[in-house]
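A look at the structure
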Amino acid sequence: MEDLVRLLIKKNVTISSVESFTVGNFAATLGSVPGVSAVYKGSLVSYQTIIKHQVLGIPQEVIDTYGVVSNEVAGLMCINGQKMFDTDLCISFTGNAGPDAMEGKKVGLIYIGIAYKDEVHTYEYELEGSRKQIVEQALAIGKMKISEILK
């Protein structure tokens, strides 16, 4: 994560995150890097659906239509997080790390959203492994995707 922080600082890009199944692990990892305070504004863990709706402002209609484990919700999470924290970039994580299927969607289905300036990128992955392994894989993918977008 240190290389990502160096890149963010070099490019003077502020960052925030909105996390669901990753439960703040991206924020904790990012926040542990010395010097990150120059670019890191904050994070929100929106684990329950009600928080996605009431705090993040995800329309109930979108949740009812697509579910919280969806490309649409991942995109709105990072867009609304970017506005909430007033950052150049916001990353979001939503998905199902298990142990059971959720919304009829299998364990390991995850979505990552990245809002950078006026662009929104969303990614869908089907990951395998334990709950912890799925979270770790998602964090690594998120870090990689931010680096690709910024280069």
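Preceding this paragraph is the structure being described.
Residues numbered from 1 in each chain as written. Predicted model: local features only at pLDDT ≥ 70, side-chain atom pairs only at ≥ 80, totals over all residues. Heavy atoms only, no water.

A short note on the packing of helix 1 (residues 2-11) against helix 6 (residues 131-150)
- Taken N-terminus to C-terminus, the directions of helix 1 and helix 6 make an angle of 30°; their axes are 10 Å apart at the nearest point. In terms of their interaxial angle, helix 1 and helix 6 are classed as roughly parallel. Along this stretch, helix 1 crosses helix 6, giving a crossing that reads as left-handed. Packed against helix 1, whose contacting residues are Asp3, Leu4, Leu7, Leu8 and Lys11, the element helix 6 presents Lys143, Ile146, Ser147 and Leu150 at the interface.
- Residues that form the contact of helix 1 with helix 6 fall into these classes: five nonpolar, one polar and three charged. (Axes fitted to C-alpha atoms, helices over the stretch in contact; angles between N-to-C directions. Helix = DSSP H or I, 4+ residues; strand = E, 2+ residues; numbered from the N terminus. Parallel < 35°, antiparallel > 145°, perpendicular 65-115°, else oblique. Left-handed = near helix turned anticlockwise from the far one by under 90°. Contact = heavy atoms within 4.5 Å. Nonpolar A, V, L, I, M, F, W, Y, C, P; charged D, E, K, R; others polar.)

Brief notes about the pattern of salt bridges
- The full count for this structure, using the stated rule, is six salt bridges.
- Lys132 is paired through a salt bridge with Glu136; the nearest N and O atoms lie 3.9 Å apart. Separated by four residues within a single helix, Lys132 and Glu136 lie in helix 6, roughly one turn from each other.
- With a relative accessible area of 58%, Lys132 lands in the exposed category.
- Across the pair Lys145 and Glu148 runs a salt bridge whose closest N-O atoms are separated by 3.4 Å. Taken together, the residues Lys145 and Glu148, both in helix 6 and three residues apart, mark about one turn of the helix. (Salt bridge = Lys/Arg side-chain N within 4 Å of Asp/Glu carboxyl O. Buried < 20%, exposed > 50% of the residue type's maximum accessible area, 1.4 Å probe, protein only.)

Some points on the packing of aromatic side chains
- In the structure shown here, the tally under the stated rule is one aromatic pair.
- Aromatic side chains Phe26 and Phe93 sit 5.5 Å apart centroid to centroid with 45° between the ring planes, which places their arrangement in the tilted category. Taken together, the residues span a long stretch of sequence, with Phe26 in helix 2 (residues 25-31) and Phe93 in strand 3 (residues 89-95) at a distance of 67 residues. Taken as a pair, Phe26 and Phe93 share a single burial class, namely buried. (Phe/Tyr/Trp six-rings, centres within 6.5 Å; stacked < 30°, edge-to-face > 60°.)

Regarding the nonpolar core
- Residues Phe26, Leu30 and Ile146 are the most contacted members of the largest nonpolar core, which totals 33 residues.
- For this core, the elements supplying multiple residues, two or more each, are helix 1, helix 2, strand 3, strand 4 (109-116) and helix 6.
- A per-element tally of this core places helix 6 first, with eight residues. (Core = buried A, V, L, I, M, F, W, Y, C linked by side-chain atoms within 4.5 Å.)

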